[in-house]
Amino acid sequence: MGRYRGERPDQQITLSTRKNTDRFNISKVKESRKPLLSEEDLFNGIRNGNKAVLAQAITLVESSKKSHWERANTLVEKCLAAKTRSIRIGITGVPGVGKSTFIETLGKNLTDRGKKVVVLAVDPTSSRNKGSIMGDKTRMPELSKDARAFVRPSPSGDSLGGVARKTRETIILCEAAGYDIIMVETVGVGQSETAVHGMVDFFLLLKLAGAGDELQGIKRGIIEMADAIVINKADGDNLKRAKLAEVDFKRALQLYPPKENGWIPTVSSCSATENRGIHELWEIIEDYVAKAQKSGHFSIKRKIQNKEWLLQTIEERLKFDFYNHEAIKSQLEVFLSKVAENKISPFRAAEALLELQRRKSV
Ligand code: GDP
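Residues numbered from 1 in each chain as written. Predicted model: local features only at pLDDT ≥ 70, side-chain atom pairs only at ≥ 80, totals over all residues. Heavy atoms only, no water.

- In the nomenclature of an unreviewed UniProt entry, the chain corresponds to Methylmalonyl Co-A mutase-associated GTPase MeaB from the organism Pelagihabitans pacificus.

This is how it looks when you write it as structure tokens:
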């Protein structure tokens, strides 16, 4: 087992436990050894469309080091001021439905037409040490090589809130870098679909044709969130079933009231492997965007999302400050044991811990 030149032994240990195919992590380690550019240089590099600088800026935004926060905030603020005209699309569906194949095909169609495309992922269960399962470069080989595309795996993080915050900020950086289409993928673990829905303009649900019970087993709320339902793998022997599923979904959707912005969710089918139905879907998205921009709902939705972003940031910060407070760190386990043994009620314990935090922070 060879050591990469110039590496410290601890870095080598991390690398050797990973698969060689996990190229992202290797480059990540190399990247973190580079001296970080100033916010000004990062901003200029981003604006010039330099992918390496963009990657470094995202690493800064994803950093959990407190010393990096202020720098990341400055950078995001600069990028927010840049006028951009992007479309943000959320894509969800169970593993195996064909998300990465679909994103690769749609992404290639778009870059062929001169569009610049980003693929991000929200997967709170992934961690860089284990290797991200979502948005991995190896899952979209063509798009990853494409000069007009930028593919970034899910940020690591224990909490969905943390992952969502990092992804929102990454979107802003990518938009400042001139990307037109931002795709955010999720498998929908826990509340991650809701989180992605809260950061995109258009939300897409990929489905497979089942055995006629299409609406069963579908997560509550997901139909209300979707702006389009697309039945993938509508090819070969599956074509007929896909068309039947399309009819079923259309019928079922009639039971739902139209969305606040007047949009009636569409149902269509596609074959990601054969590149069929993808162009039609893109026309649906363009139609949605045109209508939403005309009615003003496009910017209304983004404003609402910005407000939610603020509230979520506050929640995340409060939690972070609480759990990283020295007094809490030393007392939490003690109180947890007491609560488990009914020696103190959870409410009293919570009060005592919060009081501890209040007292020690003054
Ligand atoms: P993900 O887990 O949702 O990202 O799904 P993948 O994109 O990895 O696809 C899972 C499997 O389904 C792979 O073997 C793909 O080749 C296959 N697949 C994806 N899209 C299609 C399609 O449109 N038609 C058919 N027949 N197979 C597909």
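### Some points on the site of the ligand
Part 1: Inspection of the region around the ligand gives 15 residues, with Gly-96, Thr-101, Arg-139, Asp-235 and Ala-272 positioned closest.
Part 2: Within the side chain of Thr-101, one N or O atom sits 2.5 Å away from an oxygen atom of the ligand.
Part 3: Here an oxygen atom of the ligand sits 2.9 Å away from a polar atom, N or O, in the side chain of Lys-233.
Part 4: In isolation the ligand offers 580 Å² of accessible surface; the protein chains occlude 67% of this area.
Part 5: Each residue belonging to the shell around the ligand can be placed in one class, and the counts come to 4 nonpolar, 7 polar and 4 charged. (Near = heavy atom within 4 Å. Polar contact = N/O pair within 3.5 Å; in protein donor to acceptor, adjacent residues only side chain to side chain. Areas by Shrake-Rupley, 256 points an atom, 1.4 Å probe, with all protein chains shown as cover. Nonpolar A, V, L, I, M, F, W, Y, C, P; charged D, E, K, R; others polar.)

### Overview of the pattern of salt bridges
Part 1: As enumerated under the stated definition, the model contains 23 salt bridges in all.
Part 2: The partner of Asp-146 in a salt bridge is Lys-108, and the shortest N-O contact between them spans 3.0 Å. Placement of Asp-146 in the loop between helix H7 (141-145) and strand E3 (149-151) and of Lys-108 in helix H6 (residues 99-112) is noted, with a sequence separation of 38 residues between them.
Part 3: In this structure, the salt-bridge partner of Arg-165 is Glu-169, at a minimum N-O distance of 3.4 Å. Of this pair, Arg-165 and Glu-169 both sit in helix H8 (residues 160-176), separated by 4 residues, roughly a single helical turn. Note on accessibility: Arg-165 and Glu-169 belong to one class, buried. (Salt bridge = Lys/Arg side-chain N within 4 Å of Asp/Glu carboxyl O. Helix = DSSP H or I, 4+ residues; strand = E, 2+ residues; numbered from the N terminus. Buried < 20%, exposed > 50% of the residue type's maximum accessible area, 1.4 Å probe, protein only.)

### Let's talk about the nonpolar core
Part 1: One finds Ile-46, Leu-54, Leu-75 and Leu-173 to be the most contacted residues of the largest nonpolar core, which totals 50 residues.
Part 2: Not counting chain neighbours up to four residues away, the residues in contact with Leu-75 comprise Glu-39, Leu-42, Phe-43, Ile-46, Ala-57, Leu-60 and Leu-173. (Core = buried A, V, L, I, M, F, W, Y, C linked by side-chain atoms within 4.5 Å. Contact = heavy atoms within 4.5 Å.)

### Here we look at helix H12 (residues 278-295)
Part 1: In this model, H12 (18 residues) spans 26 Å end to end at C-alpha, consistent with the 26 Å of a helix rising 1.5 Å per residue.
Part 2: All buried positions along H12 are accounted for by Ile-278, Leu-281, Trp-282, Ile-284, Ile-285, Tyr-288, Val-289 and Ala-292. Down the axis of H12, the smallest arc covering the buried residues is 155°, so these residues share one side.
Part 3: One or two residues past the end of H12 sits Gly-296, with phi positive at roughly 90°. (Expected span 1.5 Å × (residues − 1). Arc of directions from axis to C-beta.)

### Regarding the packing of helix H4 (residues 51-62) against helix H5 (residues 66-81)
Part 1: Two elements in contact, H4 and H5, have axes whose closest approach is 8 Å; the angle formed by their N-to-C orientations is 125°. As judged from the angle between their axes, H4 and H5 are oblique. Between H4 and H5 lies a crossing of left-handed hand. For the pair formed by H4 and H5, the contact residues are Ala-57, Leu-60 and Val-61 on the first element and His-68, Arg-71, Ala-72, Leu-75 and Val-76 on the second.
Part 2: Of the residues contributing to the contact of H4 with H5, the split by class is 6 nonpolar, 1 polar and 1 charged. (Axes fitted to C-alpha atoms, helices over the stretch in contact; angles between N-to-C directions. Parallel < 35°, antiparallel > 145°, perpendicular 65-115°, else oblique. Left-handed = near helix turned anticlockwise from the far one by under 90°.)

### A few points about the pairing of strand E4 (residues 181-186)
Part 1: Most of E4 is tucked away, with 6 of its 6 residues classed as buried.
Part 2: Of the two faces of E4, the one holding Ile-181, Met-183 and Glu-185 and the one holding Ile-182, Val-184 and Thr-186 are both buried throughout.
Part 3: The sheet contact formed by strand E1 (residues 87-92) and E4 spans 6 bridges and is parallel. By the bridge assignment, Ile-87 is partnered in E4 with Ile-181.
Part 4: Sheet analysis places strand E2 (residues 117-121) next to E4, joined by 5 bridges and oriented parallel. Of the residues in E4, the one forming a bridge with Val-117 is Ile-181. (Pairing = 2+ DSSP bridges.)

### Some details on the side chain of Asp-146
Part 1: Its relative accessible area of 10% is what places Asp-146 among the buried residues.
Part 2: Sequence-distant contacts of Asp-146, defined by excluding residues within four places in its chain, comprise Lys-51, Lys-108 and Thr-111.

### Focus on the confidence of the model for the chain
Part 1: The share of residues in the chain with pLDDT of 70 or more is 83%, and the mean pLDDT across the chain is 84.
Part 2: This stretch, residues 1-33, has a pLDDT under 50; its non-local contacts, to residues over four places away or in other chains, come to 38 contacts. (pLDDT = per-residue confidence, 0-100.)

### Re unusual backbone geometry
Part 1: Here Lys-233, not a glycine, exhibits a phi torsion of approximately 65°, which is positive.
Part 2: Secondary-structure assignment places Lys-233 in the loop between strand E6 (228-231) and helix H11 (239-253).
Part 3: Here Lys-233 falls in the partly exposed class, since its relative accessible area comes to 34%.
Part 4: Positive phi is not limited to glycine here, since Asn-275 has a value of about 55°.
Part 5: With respect to the helices and strands, the residue Asn-275 is situated in the loop between strand E7 (266-269) and H12.
Part 6: Relative accessible area serves as the criterion here: at 37%, Asn-275 is assigned to the partly exposed category.

### Focus: helix H3 (residues 39-47)
Part 1: Glu-39, Leu-42, Phe-43, Gly-45 and Ile-46 are the residues of H3 that are buried. All buried residues of H3 project into a common sector of 165° when viewed along the axis, lining one side.
Part 2: Where H3 is buried, its residues touch H4, H5 and H8.
Part 3: One or two positions beyond H3, positive phi appears at Gly-49, with a value near 75°.

### As for the packing of aromatic side chains
Part 1: Inspection of the entire model under this criterion finds 6 aromatic pairs.
Part 2: Between Phe-202 and Trp-263, the ring centres sit 6.5 Å apart and the planes meet at 70°, which makes this aromatic pair edge-to-face. Of this pair, Phe-202 sits in strand E5 (residues 202-207) while Trp-263 sits in the loop between H11 and E7, and the two are 61 residues apart along the sequence. Across the pair, exposure class does not vary: Phe-202 and Trp-263 are buried alike.
Part 3: Taking 5.0 Å as the distance between ring centres and 80° as the angle between the ring planes, the aromatic pair formed by Phe-202 and Tyr-288 counts as edge-to-face. With a gap of 86 residues between them, Phe-202 in strand E5 and Tyr-288 in helix H12 connect regions that are remote in the sequence. Of the two residues examined, Phe-202 and Tyr-288, each falls in the buried class.
Part 4: Aromatic ring contacts, followed pair by pair, group Phe-202, Trp-263 and Tyr-288 into a single cluster.
Part 5: Above the plane of the ring of Phe-43 lies Lys-78, whose end atom (NZ or CZ) is 5.2 Å from the centre. (Phe/Tyr/Trp six-rings, centres within 6.5 Å; stacked < 30°, edge-to-face > 60°. Lys NZ or Arg CZ within 6 Å of the ring centre and 35° of its normal.)

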